[in-house]
Amino acid sequence: MLSASWRFRRYRIFGAGLFVTFFLGGAATSCLYAQDYPPDRARGKAVYERHCQHCHGMTGQGDGPDAGSLKVSPANFQRFQSFLKSDEELLRTIEHGVVFSPMHSWRGQLTDGEMQDVVAYIRVLSQQTR
Ligand code: HEC
(Lines give C-alpha, C1' and ligand atoms only; values in the text may rest on other atoms or scores of the structure.)
Protein backbone atom coordinates (compact mmCIF):
# COMPACT_ATOMS: atom_id res chain seq x y z
CA MET A 1 0.00 0.00 0.00
CA LEU A 2 2.69 2.47 1.03
CA SER A 3 5.03 1.59 -1.81
CA ALA A 4 2.19 2.03 -4.27
CA SER A 5 1.47 5.53 -3.05
CA TRP A 6 5.17 6.36 -3.18
CA ARG A 7 5.22 5.34 -6.76
CA PHE A 8 2.35 7.71 -7.39
CA ARG A 9 4.07 10.50 -5.59
CA ARG A 10 7.15 10.14 -7.74
CA TYR A 11 4.96 9.99 -10.79
CA ARG A 12 3.29 13.18 -9.62
CA ILE A 13 6.58 14.98 -9.12
CA PHE A 14 8.07 14.10 -12.47
CA GLY A 15 4.95 13.82 -14.58
CA ALA A 16 4.16 16.37 -17.23
CA GLY A 17 1.28 18.73 -16.60
CA LEU A 18 1.68 19.14 -12.90
CA PHE A 19 -1.87 20.16 -12.19
CA VAL A 20 -3.53 17.34 -14.11
CA THR A 21 -1.10 14.84 -12.69
CA PHE A 22 -1.82 16.17 -9.27
CA PHE A 23 -5.49 15.83 -9.70
CA LEU A 24 -5.39 12.27 -11.02
CA GLY A 25 -2.55 11.29 -8.73
CA GLY A 26 -4.46 12.67 -5.77
CA ALA A 27 -7.59 10.79 -6.74
CA ALA A 28 -5.65 7.58 -7.25
CA THR A 29 -3.81 8.00 -3.97
CA SER A 30 -7.06 8.55 -2.11
CA CYS A 31 -8.45 5.41 -3.68
CA LEU A 32 -5.41 3.44 -2.65
CA TYR A 33 -5.61 4.95 0.75
CA ALA A 34 -9.24 4.07 1.25
CA GLN A 35 -9.82 1.80 4.16
CA ASP A 36 -13.46 1.04 4.65
CA TYR A 37 -14.90 3.54 2.21
CA PRO A 38 -13.59 6.22 -0.11
CA PRO A 39 -13.11 9.68 1.43
CA ASP A 40 -16.24 11.75 1.08
CA ARG A 41 -15.92 15.49 0.50
CA ALA A 42 -19.41 16.26 1.70
CA ARG A 43 -18.80 14.53 4.99
CA GLY A 44 -15.41 16.23 5.15
CA LYS A 45 -17.08 19.61 4.70
CA ALA A 46 -19.33 18.98 7.67
CA VAL A 47 -16.34 17.99 9.84
CA TYR A 48 -14.41 21.02 8.61
CA GLU A 49 -17.23 23.47 9.34
CA ARG A 50 -17.67 22.08 12.79
CA HIS A 51 -14.04 21.74 13.94
CA CYS A 52 -11.65 23.57 11.65
CA GLN A 53 -13.34 26.56 10.06
CA HIS A 54 -13.10 28.87 13.06
CA CYS A 55 -9.32 28.80 12.68
CA HIS A 56 -8.64 27.89 9.06
CA GLY A 57 -11.44 30.01 7.62
CA MET A 58 -14.33 29.35 5.30
CA THR A 59 -12.18 29.10 2.20
CA GLY A 60 -9.21 27.55 3.97
CA GLN A 61 -7.05 30.66 3.80
CA GLY A 62 -6.27 30.60 7.49
CA ASP A 63 -8.52 33.58 8.17
CA GLY A 64 -11.21 32.16 10.46
CA PRO A 65 -12.68 34.30 13.24
CA ASP A 66 -10.32 32.77 15.84
CA ALA A 67 -7.19 33.19 13.74
CA GLY A 68 -6.41 36.69 15.02
CA SER A 69 -6.05 35.58 18.61
CA LEU A 70 -3.59 32.75 17.90
CA LYS A 71 0.14 33.12 18.31
CA VAL A 72 0.77 30.92 15.28
CA SER A 73 -1.41 31.62 12.26
CA PRO A 74 -3.45 28.73 10.94
CA ALA A 75 -2.21 27.22 7.68
CA ASN A 76 -3.56 28.70 4.49
CA PHE A 77 -4.50 25.63 2.47
CA GLN A 78 -4.53 27.64 -0.74
CA ARG A 79 -0.83 28.42 -0.49
CA PHE A 80 1.40 26.34 -2.69
CA GLN A 81 3.23 25.11 0.36
CA SER A 82 0.13 23.26 1.58
CA PHE A 83 -1.12 22.46 -1.90
CA LEU A 84 2.04 20.51 -2.66
CA LYS A 85 1.79 18.32 0.40
CA SER A 86 0.56 14.79 -0.06
CA ASP A 87 -2.65 13.53 1.50
CA GLU A 88 -0.55 11.46 3.85
CA GLU A 89 1.34 14.50 5.09
CA LEU A 90 -1.85 16.45 5.76
CA LEU A 91 -3.38 13.43 7.40
CA ARG A 92 -0.36 13.02 9.65
CA THR A 93 -0.60 16.66 10.74
CA ILE A 94 -4.28 16.32 11.51
CA GLU A 95 -3.74 13.10 13.36
CA HIS A 96 -0.77 14.23 15.43
CA GLY A 97 -1.01 18.03 15.43
CA VAL A 98 1.88 20.50 15.22
CA VAL A 99 4.02 20.95 18.33
CA PHE A 100 4.03 24.39 19.93
CA SER A 101 1.11 25.54 17.84
CA PRO A 102 -2.63 25.77 18.39
CA MET A 103 -3.00 22.94 15.88
CA HIS A 104 -3.49 20.09 18.30
CA SER A 105 -3.83 16.40 17.55
CA TRP A 106 -7.26 15.27 16.43
CA ARG A 107 -6.67 11.63 17.14
CA GLY A 108 -9.41 10.49 19.47
CA GLN A 109 -11.70 13.35 18.50
CA LEU A 110 -12.10 12.37 14.89
CA THR A 111 -12.28 8.87 13.45
CA ASP A 112 -9.83 7.75 10.73
CA GLY A 113 -12.64 8.08 8.23
CA GLU A 114 -13.46 11.62 9.31
CA MET A 115 -9.81 12.63 9.02
CA GLN A 116 -9.65 11.25 5.50
CA ASP A 117 -12.89 12.98 4.60
CA VAL A 118 -11.60 16.29 5.88
CA VAL A 119 -8.38 15.93 3.86
CA ALA A 120 -10.54 15.38 0.77
CA TYR A 121 -12.39 18.59 1.60
CA ILE A 122 -9.15 20.52 2.19
CA ARG A 123 -8.18 19.45 -1.34
CA VAL A 124 -11.33 21.05 -2.65
CA LEU A 125 -10.50 24.26 -0.81
CA SER A 126 -6.85 24.26 -1.89
CA GLN A 127 -7.85 23.99 -5.54
CA GLN A 128 -10.40 26.75 -5.42
CA THR A 129 -8.23 29.53 -6.79
CA ARG A 130 -6.45 27.40 -9.36
C1 HEC B 1 -7.16 26.43 17.18
C2 HEC B 1 -7.04 26.69 15.77
C3 HEC B 1 -7.02 25.51 14.82
C4 HEC B 1 -8.00 24.57 14.64
C5 HEC B 1 -9.33 24.44 15.37
C6 HEC B 1 -7.54 23.70 13.58
N7 HEC B 1 -6.31 24.08 13.15
FE8 HEC B 1 -5.20 23.22 11.68
N9 HEC B 1 -3.69 24.49 12.02
C10 HEC B 1 -3.71 25.51 12.94
C11 HEC B 1 -2.42 26.18 12.92
C12 HEC B 1 -2.04 27.36 13.78
C13 HEC B 1 -1.64 25.52 11.96
C14 HEC B 1 -0.21 25.85 11.51
C15 HEC B 1 0.79 25.21 12.41
C16 HEC B 1 2.18 25.54 11.96
O17 HEC B 1 2.41 25.63 10.75
O18 HEC B 1 3.04 25.68 12.82
C19 HEC B 1 -2.46 24.46 11.40
C20 HEC B 1 -2.04 23.58 10.43
C21 HEC B 1 -2.83 22.62 9.86
C22 HEC B 1 -2.42 21.72 8.80
C23 HEC B 1 -1.05 21.66 8.17
C24 HEC B 1 -1.06 22.35 6.84
C25 HEC B 1 0.26 22.25 6.15
O26 HEC B 1 0.39 22.84 5.07
O27 HEC B 1 1.15 21.59 6.66
C28 HEC B 1 -3.49 20.95 8.50
C29 HEC B 1 -3.57 19.86 7.44
C30 HEC B 1 -4.56 21.33 9.37
N31 HEC B 1 -4.14 22.35 10.19
C32 HEC B 1 -5.81 20.77 9.36
C33 HEC B 1 -6.80 21.04 10.30
C34 HEC B 1 -8.04 20.33 10.37
C35 HEC B 1 -8.48 19.24 9.43
C36 HEC B 1 -8.72 20.84 11.42
C37 HEC B 1 -10.08 20.43 11.93
C38 HEC B 1 -10.27 19.04 12.23
C39 HEC B 1 -7.91 21.89 12.01
N40 HEC B 1 -6.74 21.97 11.29
C41 HEC B 1 -8.27 22.66 13.09
C42 HEC B 1 -4.76 25.87 13.76
C43 HEC B 1 -5.95 25.18 13.90
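About the thresholds
Residues numbered from 1 in each chain as written. Predicted model: local features only at pLDDT ≥ 70, side-chain atom pairs only at ≥ 80, totals over all residues. Heavy atoms only, no water. Helix = DSSP H or I, 4+ residues; strand = E, 2+ residues; numbered from the N terminus. Buried < 20%, exposed > 50% of the residue type's maximum accessible area, 1.4 Å probe, protein only. Areas by Shrake-Rupley, 256 points an atom, 1.4 Å probe, with all protein chains shown as cover. Axes fitted to C-alpha atoms, helices over the stretch in contact; angles between N-to-C directions. Parallel < 35°, antiparallel > 145°, perpendicular 65-115°, else oblique. Contact = heavy atoms within 4.5 Å. Nonpolar A, V, L, I, M, F, W, Y, C, P; charged D, E, K, R; others polar. Core = buried A, V, L, I, M, F, W, Y, C linked by side-chain atoms within 4.5 Å. Near = heavy atom within 4 Å. Polar contact = N/O pair within 3.5 Å; in protein donor to acceptor, adjacent residues only side chain to side chain. Donors = N, O, S within 2.8 Å, 3.2 Å for Na, K, Ca; no water. Tetrahedral: all angles 85-135°; square planar, octahedral: opposite > 155°, others 65-115°. Expected span 1.5 Å × (residues − 1). Phe/Tyr/Trp six-rings, centres within 6.5 Å; stacked < 30°, edge-to-face > 60°.

1. Section: the overall build of the protein
Then comes step 1: When you go through the protein residue by residue, the secondary structure sums to 7 helices and 0 strands.
Then comes step 2: Along the protein, from the amino end to the carboxyl end, the secondary structure elements read α-α-α-α-α-α-α.
Then comes step 3: Across the 130 residues in the protein, those meeting the buried criterion constitute 41%.
Then comes step 4: When the accessible area of the protein is evaluated, it comes to approximately 7900 Å², of which 60% is carbon and sulfur surface.

2. Considering the packing of helix α3 (residues 41–51) against helix α7 (residues 112–126)
Then comes step 1: With their axes 7 Å apart at the nearest point, α3 and α7 run at an angle of 95° to one another. Classified by the interaxial angle, the pair formed by α3 and α7 is roughly perpendicular. Residues R41, R43, G44, K45, V47 and Y48 of α3 pack against E114, D117, V118, A120, Y121, I122, V124 and L125 of α7.
Then comes step 2: For the contact of α3 with α7, the per-class residue count stands at 8 nonpolar, 1 polar and 5 charged.

3. Details of the nonpolar core
Then comes step 1: The biggest cluster of nonpolar side chains holds 16 residues, and the ones touching the most others in it are Y48, I94, V118 and I122.
Then comes step 2: Elements supplying a minimum of two residues to this core: α3, α6 (87–96) and α7.
Then comes step 3: When residues in this core are grouped by element, the largest group, 6 residues, is from α7.
Then comes step 4: Discounting residues that sit within four places of it in the chain, I122 has contacts with Y48, F77, L90 and I94.

4. A word on the site of the ligand
Then comes step 1: Within the structure, the ligand sits among 24 residues, and C52, C55, H56, S82 and M103 are positioned closest to it.
Then comes step 2: In this structure, H56 approaches the ligand through a side-chain N or O atom, which is 2.8 Å from a nitrogen atom.
Then comes step 3: When contributions to the shell around the ligand are tallied by element, the ones reaching two or more residues are α4 (53–56), α6 and α7.
Then comes step 4: For the shell around the ligand, the residue count by class is 16 nonpolar, 7 polar and 1 charged.

5. A look at the coordination of the iron atom of the ligand
Then comes step 1: For the iron atom of the ligand, the full set of protein donor atoms is H56 (NE2) and M103 (SD), and the range of their distances to it is 2.0 to 2.2 Å.
Then comes step 2: Around the iron atom of the ligand, the 6 donor atoms are arranged such that angles at the metal cover 88 to 178°; this shape is classified as octahedral. One end of the pair, H56, is in helix α4; the other, M103, is in the loop between α6 and α7, with 47 residues separating them in the sequence. Per residue, the accessibility class of H56 equals that of M103, and both read buried.

6. Remarks on α7
Then comes step 1: Taking 1.5 Å per residue as the helical rise, α7 with its 15 residues ought to reach 21 Å, and the 21 Å between its terminal C-alpha atoms agrees with that figure.
Then comes step 2: What α7 keeps buried is the set G113, M115, Q116, D117, V118, V119, A120, Y121, I122, R123, L125 and S126.

7. With respect to the environment of Q116
Then comes step 1: Position of Q116 among the secondary structure elements: in helix α7.
Then comes step 2: For Q116 and R41, which are 75 residues apart along the polypeptide, the C-alpha to C-alpha distance reads 9.1 Å.

8. As for the packing of aromatic side chains
Then comes step 1: One pass over the full model with this rule turns up 2 aromatic pairs.
Then comes step 2: Ring geometry for F80 and F83: centres 5.5 Å apart, planes at 35°, overall tilted. A residue pair is termed a helical-turn pair when its members lie 3 or 4 positions apart in one helix, as F80 and F83 do in helix α5 (residues 80–83) at 3 residues.

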